[in-house]
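An overview of the molecular structure
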Amino acid sequence: MRFWIGAGLAILAAVAAAALVSYEYFFFAGYTVVMFIVLSTAWNILGGHAGYVNFGTPAFFGLGAYTAAVLYKATAAPLVVQIAAAALMAGALGFGAGLLTLRLRGIFFAIATIALTVIMQTVFINWRYAGGATGLQLLRPPPIAPFESYIKMLFVLMVVMAVIAVALARYIERSWLGRGLRAIRDSEEAAEASGVPTLRLKVLACCVSGALMGAAGAPMPMYLSYIEPESTFNLNYAIGALASPMIGGTASWGGPVIGAFLLSSLQQIITVTISSEMNVLLVGVVLVVFVVAAPDGLLGLYRRIFARR
Amino acid sequence: MSALLGVRAVAKRFGGFTALDGVSLEVGAGERFGLIGPNGSGKTTLINCVSGLLRNDAGSIRFADEEISALPAYARARRGIARSFQVPRPFHKMTVLENLLVPSAYVVHMKDAEGEAKAMEILASIGLARKARAFADQLSQVELRKLELARAMAAKPRLLISDEAMAGLAGTEVDEVLKILFDLNEQGITIIMIEHIMQAVMRFSQRVVCLDAGRIICEGTPQSIVKNADVQKAYLGA
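Now for a look at the structure at hand.

1. A few points about the overall build of chain B
- The helix and strand tally for chain B stands at nine helices and 10 strands.
- Since a compact globule built from 238 residues should have a radius of gyration of about 18 Å, the 17 Å found for chain B is in line with a globular shape.
- Projected onto the principal axes, the alpha-carbon positions of chain B cover approximately 50 × 40 × 35 Å.
- Counting across all 238 residues of chain B, residues that qualify as buried make up 48%.
- Counting contacts in chain B only where the partners sit at least 6 residues apart, residues at least 24 apart contribute 63% of the total.

Okay, here's the thing in structure tokens:
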């Protein structure tokens, strides 16, 4: 119940901000922060619970973005339809790629997911209709009332998507599914011997995780009025989606949310005040510090200090 | 006694190495069955083939009148085969109680409340109730061995394979684990015990099979096994 009140408040706050704040850049930056909450939450379903480190976030995210862009170019479909289609395509990619790669363990799975990102990028570089290497300019339709600015609308939309993603992740965490995934993380053999259909569960997790990443990517072409392969399939998405749960803590749904909020906000601030190169460096440094000093993330750290008292 | 488990001409190779070379044996319902053999004789490979973590290259494995050698491990667990691991493999970031809830959710399909009650019962019966809320990575060696058995029990198995549940334990601890296994057998669970501690196998088993280099070299009552010349040769290398 408290969760749903919090979720309602988050959406309400987003709507209130859209109505009261006129400074557009706030929403431009906020969109990215909230988008990383969705990506990190999605990543954590497979990476945090099952322990399968996925570097393929850009593949799912990018496929979602391109699905939306191509659909818009072909049919001028409304945004909600674009998002649904993007989730479907990315979910299908998660299913297919999961079946092929989730038999691999540890570092081998991670390498396979990097390959997946490269493959997806290559496909879209060579697809002329989707703009090829030069990209695709897209004309935004007017915002839907009551929103007077498109960016504000996208921001509120992304907050709603984040609430849905977190609610889904929370459900998975508390259900038999989450318990099975955690069993897989701790010992795949023992999980099988305890009746857990490991491959089926991993593929399902990869599918859900991929669909959420795809959905998070869908509004991107409209956000930028532009899409091109180099930045869409950028590995920075993979790093961000992976670093945030590590910082916040992978054990529960709150970790990726806190981690993404802090890391992404900091990145936005540094990009503006110092440089965008510096923000990439920051992620690396913070990630190393957390892996060494607080392997269970901020939530783990909090619990350890709290338990000592 | 009708056969619960029937292994026929099972072979397993790893590259050029033949780990199992045409092993056949039967285990009756309710039996206490001992599997012995020197290191590397194929004991664990055999039970990996039975429990499904490995697929046998040849031969057939039947459980409760059903061919199971093509089934994945989780499906075999759901049919009633449970096992413990030689090197304990707890779900170490879960509590002891949660460890047991995995099989109770996935094998017995119990709701959490019901599963928890059942799990506490099991933990109490083997003297681990005190540790129910402790994380598995904080357990001692003997507690880990007990957790392995408790988790196997939570799956309500018909056949329990205990893979060296007593390795590295002290005398009284061996007796404790042995008592647990006797109690389970009394409840009607068929038990295959793999063990290096001869005294324990001999006390426990009604029938013993000795493997050496992937073949069965001897089968019989515990008394006849210890006197068997081939067994002595395999163990002592004489």
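2. What about the overall build of chain A?
- The helix and strand tally for chain A stands at 15 helices and two strands.
- For chain A, the C-alpha radius of gyration of 19 Å lies close to 19 Å, the compact-globule estimate for 309 residues.
- Projected onto its principal axes, the C-alpha positions of chain A cover 55 × 45 × 40 Å.
- Sorting the 309 residues of chain A into buried and exposed places 51% on the buried side.
- Contacts in chain A between residues at least 24 apart in sequence constitute 78% of all its contacts with a sequence separation of at least 6.

3. Considering unusual backbone geometry
All names here are of chain B.
- With a phi angle near 50°, A64 is a residue other than glycine that sits in the positive phi range.
- The residue A64 is located in the loop between strand 4 (58-63) and strand 5 (66-67) in this model.
- For D65, which is not glycine, the phi torsion reads 60° and is therefore positive.
- Here D65 lies in the loop between strand 4 and strand 5.

4. Let's talk about the interface of chain A and chain B
- Between chain A and chain B, the residue contacts involve 16 residues of the former and 21 residues of the latter.
- Split into classes, the residues belonging to the side of chain A that touches chain B amount to seven nonpolar, four polar and five charged.

5. Description of the nonpolar core
Residue and element names in this part refer to chain A.
- If you look at the biggest cluster of nonpolar residues, it comprises 175 residues, and the most contacted ones within it are V38 and L39.
- Among the elements that make up this core, the one with the highest residue count is helix 6 (residues 150-174) (16 residues).
- If we skip the residues at most four places from it in the chain, L39 touches T57, F61, M213, A216, Y237, G240 and A241.

6. Quick look at the environment of A:L299
All names here are of chain A.
- With respect to the secondary-structure elements, L299 resides in helix 15 (residues 297-308).
- The exposure class of L299 is buried, given the 22 C-beta atoms found within 10 Å.
- Sequence spacing of L299 and I247 is 52 residues, and the spatial spacing of their C-alpha atoms is 8.6 Å.

7. Concerning the packing of helix 4 (residues 79-101) of chain A against helix 9 (residues 198-217) of chain A
Residue and element names in this part refer to chain A.
- Where helix 4 meets helix 9, the axes come as close as 7 Å, and the angle between the chain directions of the two elements is 145°. Judged by the twist between their axes, the crossing of helix 4 over helix 9 is right-handed. Residues I83, A86, A87, M89, A90, G91, L93, G94, F95, G98 and L99 of helix 4 lie in contact with helix 9, whose contacting residues are K202, V203, C206, C207, S209, G210, A211, M213, G214, A215 and G217.

8. Describing the packing of helix 2 (residues 24-49) of chain A against helix 13 (residues 254-273) of chain A
Residue and element names in this part refer to chain A.
- Running from N to C, helix 2 and helix 13 cross one another at 145°; their axes reach a closest spacing of 8 Å. The hand of the helix 2/helix 13 crossing is right-handed. Here A29, T32, V33, F36, I37, S40, T41 and N44 of helix 2 come into contact with helix 13, specifically with G255, P256, V257, G259, A260, F261, S264, S265 and Q268.
- The residue makeup of the contact of helix 2 with helix 13, split by class, is eight nonpolar, nine polar and no charged.

9. Comments concerning the sheet that holds strand 1 (residues 3-14) of chain B
Residue and element names in this part refer to chain B.
- Pairing is antiparallel across the open sheet formed by four strands, whose spatial order is 2-1-4-5. A single partner strand is all that each edge strand has here, and the edge strands are strand 2 (17-28) and strand 5.
- Of the pairings in the sheet, the one linking strand 4 to strand 5 comprises two bridges and is antiparallel in character. Counterpart to F63 in the pairing with strand 5 is E66.
- Running over the sheet, helix 1 (residues 43-51) touches strand 1, strand 2 and strand 4 and is turned about 115° from strand 1.

10. What about the environment of B:I47?
All names here are of chain B.
- In this fold, I47 is placed in helix 1.
- Remark: the alpha-carbon pair of I47 and I191, spanning 144 residues in sequence, is separated by 12 Å.
- In this structure I47 touches R83, I161, D163 and I194, once residues within four positions along its chain are discounted.

11. A closer look at the sheet that holds strand 9 (residues 207-212) of chain B
Residue and element names in this part refer to chain B.
- What the six strands build is an open sheet, ordered 6-7-8-3-9-10; its pairing is mixed. Two strands lie at the open edges of the sheet, namely strand 6 (81-83) and strand 10 (215-220), each paired on one side alone. Adjacent strand axes in the sheet meet at a mean angle of 20° when their direction is disregarded.
- Bridging between strand 3 (residues 32-36) and strand 8 (residues 190-194) involves four bridges; their strand directions are parallel. Across the sheet, the residue bridging to F33 is I192, located in strand 8.
- Across the sheet, helix 6 (residues 171-186) touches strand 3, strand 7 (159-163) and strand 8, and the angle it forms with strand 8 is around 155°.

About the thresholds
Residues numbered from 1 in each chain as written. Chains lettered and ligands numbered in written order. Predicted model: local features only at pLDDT ≥ 70, side-chain atom pairs only at ≥ 80, totals over all residues. Helix = DSSP H or I, 4+ residues; strand = E, 2+ residues; numbered from the N terminus. Rg over C-alpha atoms; globule rule 2.2 N^0.38 Å. Buried ≥ 20, exposed ≤ 12 C-beta atoms within 10 Å, placed from the backbone. Contact = placed C-beta atoms within 7 Å. Nonpolar A, V, L, I, M, F, W, Y, C, P; charged D, E, K, R; others polar. Core = buried A, V, L, I, M, F, W, Y, C linked by C-beta atoms within 7 Å. Axes fitted to C-alpha atoms, helices over the stretch in contact; angles between N-to-C directions. Left-handed = near helix turned anticlockwise from the far one by under 90°. Pairing = 2+ DSSP bridges.

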